[in-house]
Amino acid sequence: MELRNSTLGSAFILVGILNDSGSPEVVCATITVLYLLALTSNGLLLLAITMEAQLHVPMYLLLGQLSLMDLLFTSVVTPKALADFLRRENTISFGGCALQMFLALTMGGAEDLLLAFMAYDRYVAICHPLKYMTLMSPRICWLVVATSWILASLTALGHTTYTMHFPFCISWEIRHLLCEIPPLLKLACADTSRYELIIYVTGVTFLLLPISAIVASYTLILFTVLHIPSNEGRKKALVTCSSHLTVVGMFYGAATFMYVLPSSFHSPKQDNIISVFYTIVTPALNPLIYSLRNKEVMGALRRVLGKYVLLAHSTL
């Protein structure tokens, strides 16, 4: 098969879900609404956590970072996909593809690690409340956040560099929503079996180890919650944990399908749907899951928005 040099002047063609669906206009409108919802809900949650001193605690610091990651993750993918569909121009340069892959892997990897740290935060808060401010001090929280970003970015850099070094076939048509490792390897005109094994090992390490930590944390939390004498205290703990477990299930389920299951289980249509789920749907739903069931967050949002409404009225 004819090869084509992998240079910065080359371009890929992204044939995502908008081009492959039977009703692209409906899908485009749905994705636009979800993206606007993600921008609004994550933006409001970040604003509330930043402005309200009551929320300046480790749990909400981590939640604010999750919102930031979701906001950046969906913004790496969605605007490009919508603009390409509206302009009927769905090419992406070699350098642009590499950048999009690096950013998407960084955001996804950082969120993966952060969710595990959030489970540990809930474990300490519920099982060791008297030691909470010692085990989850602001310094430790920022160390946890920095660790998530650094490890994710280094892993993303390695995978992006190695993936983009392969020679690609002359048909550079990526049947996927974004530049991601599995669909790109299908275009490689070289043996990628060893690298696919490395991806599998990395996927297991980055996904199954955090999942194991989350399961262990929530198993210990469940035993502790069952011994809480107060019904109200038990209910509050369960509501907080169920919100986190819902987010964990959505994120890890999609990521495991994409990066741990063998390539024989993948098809372009399935991969497109899964990628839409964790790059567009999940970032839109996460802040709603956390805020709608959390009285402290909802109260903070009302106070912050009330201040801005009063400020707007006073300037008129």
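Quantities reported herein were computed from a predicted structural model and do not represent experimental measurements.

**As for the overall build of the protein chain**
- When its secondary structure is counted, the protein chain shows eleven helices and five strands.
- Whereas a compact globule of 316 residues would reach a radius of gyration of roughly 20 Å, the protein chain reaches 21 Å, a difference of no more than 12%.
- By principal-axis analysis of the C-alpha atoms, the protein chain measures approximately 70 × 55 × 35 Å.
- Long-range pairs, those at least 24 residues apart, make up 79% of the contacts in the protein chain between residues at least 6 apart in sequence.
- Carbon and sulfur atoms provide 70% of the accessible area of the protein chain, an area that totals close to 15500 Å².
- One way to put it: in the protein chain the 19 positive side-chain charges average out to a point 11 Å from where the 17 negative ones average out.

**Things to note about the state of the cysteines**
- Scanning the model with the defined rule gives one disulfide in all.
- Each sulfur in the disulfide pair C97 and C179 lies 2.1 Å from the other. Because the sign of the S-S torsion sets the handedness, a value of about -120° for the bond joining C97 and C179 places this disulfide among the left-handed ones. Linking C97 in helix α4 (residues 94-127) with C179 in the loop between β5 (173-174) and α7 (181-185), this pair joins segments that are 82 residues apart in sequence.

Cut-offs used in this document
- Residues numbered from 1 in each chain as written.
- Predicted model: local features only at pLDDT ≥ 70, side-chain atom pairs only at ≥ 80, totals over all residues.
- Heavy atoms only, no water.
- Helix = DSSP H or I, 4+ residues; strand = E, 2+ residues; numbered from the N terminus.
- Rg over C-alpha atoms; globule rule 2.2 N^0.38 Å.
- Contact = heavy atoms within 4.5 Å.
- Areas by Shrake-Rupley, 256 points an atom, 1.4 Å probe, with all protein chains shown as cover.
- Lys, Arg positive; Asp, Glu negative; His and termini not counted.
- Charge placed at Lys NZ, Arg CZ, Asp CG, Glu CD.
- Disulfide = S-S within 2.5 Å.

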